[in-house]
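Residue strings, one per chain:
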Amino acid sequence: MKTNKKRNYVGVLSSVFAIVIGLLVGLVVLLLCNPSQAFPGFFTILTGALTHGMKGIGQVFYYATPIILTGLSVGFAFKTGVFNIGTPGQFLVGAFGAVYVGIMWDKLGGAHWIVALLASVIMGALWGLIPGILKAYFNVNVVISCIMMNYIGLFAVNWTVRSYKPLFNTLRNESKNVAVTAQIPKMGMDKLFPGSSVNGGILIAILVVILIYIILNKTTFGYELKAVGYSPDAGKYAGINEKRNIIASMLIAGAIAGLGGGLLYLAGTGKHIEIKDVLGSEGFTGISVALLGLSHPVGVLFSGIFIAYLTAGGFYLQLFEFSTEIIDIIVAVIIYFSAFALIVRTLLGKMKERKQKSDRGTKA
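Small disclaimer: the values here were computed from a predicted structure and weren't measured.

> Mind laying out the overall build of the protein chain, listing which residues take part and the relevant values?
Across its full length, the protein chain holds 14 helices and two strands. Scaling as 2.2 N^0.38, a compact globule of 364 residues should have a C-alpha radius of gyration of about 21 Å, and the protein chain matches this with 22 Å. Each of the three principal axes of the protein chain carries a C-alpha extent, and together these read 80 × 55 × 35 Å. Among the 364 residues that make up the protein chain, the fraction classed as buried is 47%. Considering only contacts in the protein chain between residues 6 or more positions apart, those separated by 24 or more positions represent 75%. If you sum the accessible surface of the protein chain, you get close to 18,300 Å²; carbon and sulfur atoms cover 67% of it. Between the centroid of the 29 positive side chains of the protein chain and the centroid of its 14 negative side chains there is a distance of 11 Å.

Now the structure itself:
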């Protein structure tokens, strides 16, 4: 127990260290680009999201909602020993499921948005299931199959939206608006954060975080998933079905990412599926969120909010004639040092184990 607490404490410290280094690198970049505006620009990054008070905070939660779920998808799979790099495809296919139901099934009344979200969960789960089956039964590298599924999903969604006229807005080369009944209710968020785009999606995301935490840490099923992730051989020796767990892990991870797509495209903020050959950034950002949050559900929640906070503040950099891409540089550096700290921590742990074995051998 003490070892686990110490490991978690070191993990949190490494993430904080990575954040500090990332912000300092961002400051250096600002100084190199425009020294006279560097410090006002840096201050804007730190406080820009709060410029409009509660509205600004609401926008942070709006930006955080999809990346919390894509981060949770990556983190959940990683905890179970699978690197799910298929979140961009699962996110997009889930979004398509939500948009299809949101446009075509407009007679469902008050249940419309719920059914649309369920469609996003099912579509995302199916897109995650395929790499899971390929890994479990044919030992296909899950990273390769996930990358392939990302682009299959992208072009399949583009072709379907473009070909099916009831879905396609030919004037704007994107999907049509979903019905008003398919938009996620505000659930009181418009009262807490007036003027912002946030809705009940952030509450749903938090509930999913809690649910995944309970599954991983409080259930036998979660224990089996993690056991196989930590050591497949030990799990097999204990009688745990490795193939079933790999498939279940990817199925759940895909469902979470798909839900993220549904929450974004049903937010009622004019988001549409654009016909372009580029995967959405939310899926890839989820990988960053998971790394910074150490793949822990609660860590993913806070890291998603933090990256959304930086993103919201970064929009105001244009006032100082800086490019908003500087935020991408800062996030990239943070993730790099998070991964670096993880590697160093792993190496130190292995060195400590070797030393302990060596000491026991000497005493013997």
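Alright, that's what it looks like, and here's the rest.
> Describe the packing of aromatic side chains, and please don't skip the residues or the numbers.
Under the definition given, this model contains six aromatic pairs. With a centroid separation of 5.5 Å and 70° between ring planes, the pair formed by phenylalanine 61 and phenylalanine 193 is classed as edge-to-face. One end of the pair, phenylalanine 61, is in helix α3 (residues 54-79); the other, phenylalanine 193, is in the loop between α7 (189-192) and α8 (201-218), and 132 residues separate them in sequence. Connected via pairs of aromatic rings, a cluster forms that spans Tyr62, Tyr63 and Phe315.

> Tell me what's going on with the environment of alanine 179, and back it up with residues and numbers.
Of note, alanine 179 is situated in the loop between β2 (174-175) and α7. Not counting chain neighbours up to four residues away, the residues in contact with alanine 179 comprise Gly102, Asp106 and His112.

> Talk me through a nonpolar patch on the surface; I want residue IDs and the actual numbers.
On the surface, a cluster of nonpolar side chains totalling about 480 Å² of accessible area is made up of Met187, Leu203, Ile206, Leu207, Ile210 and Ile214. Relative to the helices and strands, isoleucine 206 resides in helix α8. On the accessibility criterion, isoleucine 206 (30% relative accessible area) is partly exposed.

> Please provide a residue-by-residue account of the packing of helix α4 (residues 87-104) against helix α5 (residues 112-138), values included.
Running from N to C, α4 and α5 point in directions that differ by 150°, and their axes come no closer than 7 Å. Both α4 and α5 take part in a crossing whose hand is right-handed. For the pair α4 and α5, contact is made by Gly89, Gln90, Val93, Gly94, Phe96, Gly97, Ala98, Val101 and Gly102 and by His112, Val115, Ala116, Ala119, Ser120, Met123, Gly124, Trp127 and Gly128, respectively. For the contact of α4 with α5, a count of residues per class yields nine nonpolar, nine polar and no charged.

> With reference to specific residues and values, describe the packing of α3 against helix α12 (residues 281-292).
Where α3 contacts α12, the axes come no closer than 7 Å and their chain directions differ by 65°. Relative to α12, the crossing made by α3 is right-handed. Mapping the contact onto sequence places Pro66, Ile67, Thr70, Gly71, Val74 and Gly75 in α3 and Glu282, Gly283, Thr285, Gly286, Ile287, Val289 and Ala290 in α12. Split by residue class, the contact of α3 with α12 holds six nonpolar, six polar and one charged.

> Would you mind going over α3 in detail, with residue names and values included?
Taking 1.5 Å of rise per residue, the 26 residues of α3 would be expected to cover 38 Å, and the 35 Å separating its terminal C-alpha atoms lies within 8% of that figure. Summarising burial for α3: 19 of the 26 residues are buried, a large majority. A positive backbone phi angle near 90° is found at glycine 81, which sits one or two residues after α3.

> Explain helix α13 (residues 297-314) residue by residue, including any values.
The terminal C-alpha atoms of α13 lie 26 Å apart, and with 18 residues this matches the ideal 26 Å at 1.5 Å per residue to within 8%. Three or more residues of α13 are buried, namely Pro297, Val300, Leu301, Ser303, Gly304, Ile307, Ala308, Leu310, Ala312, Gly313 and Gly314.

> Which residues make up the side chain of serine 303, and what are the values?
Here serine 303 lies in helix α13. Judged by its relative accessible area of 4%, serine 303 falls in the buried class. There is a polar contact of 2.8 Å between the side chain of serine 303 and the backbone oxygen of valine 289. Apart from residues lying up to four places away in sequence, serine 303 is in contact with Val289, Leu292 and Gly293.

> So, the side chain of glutamate 282: which residues are in play, and what are the values?
Along the chain, the position of glutamate 282 falls in helix α12. Although glutamate 282 is buried, it forms no salt bridge, and the closest oppositely charged side chain is lysine 271 at an N-O distance of 4.3 Å. Setting aside residues no more than four positions away along its own chain, glutamate 282 makes contact with Pro66, Ile67, Thr70, Phe91, Leu264 and Lys271.

Definitions and cut-offs
Residues numbered from 1 in each chain as written. Predicted model: local features only at pLDDT ≥ 70, side-chain atom pairs only at ≥ 80, totals over all residues. Heavy atoms only, no water. Helix = DSSP H or I, 4+ residues; strand = E, 2+ residues; numbered from the N terminus. Rg over C-alpha atoms; globule rule 2.2 N^0.38 Å. Buried < 20%, exposed > 50% of the residue type's maximum accessible area, 1.4 Å probe, protein only. Contact = heavy atoms within 4.5 Å. Areas by Shrake-Rupley, 256 points an atom, 1.4 Å probe, with all protein chains shown as cover. Lys, Arg positive; Asp, Glu negative; His and termini not counted. Charge placed at Lys NZ, Arg CZ, Asp CG, Glu CD. Phe/Tyr/Trp six-rings, centres within 6.5 Å; stacked < 30°, edge-to-face > 60°. Patch = residues over 30% accessible without salt bridge, like charges linked within 9 Å, V, L, I, M, F, W, Y side chains within 5 Å. Salt bridge = Lys/Arg side-chain N within 4 Å of Asp/Glu carboxyl O. Axes fitted to C-alpha atoms, helices over the stretch in contact; angles between N-to-C directions. Left-handed = near helix turned anticlockwise from the far one by under 90°. Nonpolar A, V, L, I, M, F, W, Y, C, P; charged D, E, K, R; others polar. Expected span 1.5 Å × (residues − 1). Polar contact = N/O pair within 3.5 Å; in protein donor to acceptor, adjacent residues only side chain to side chain.

Interpretation in functional terms is not warranted from these geometric data alone.
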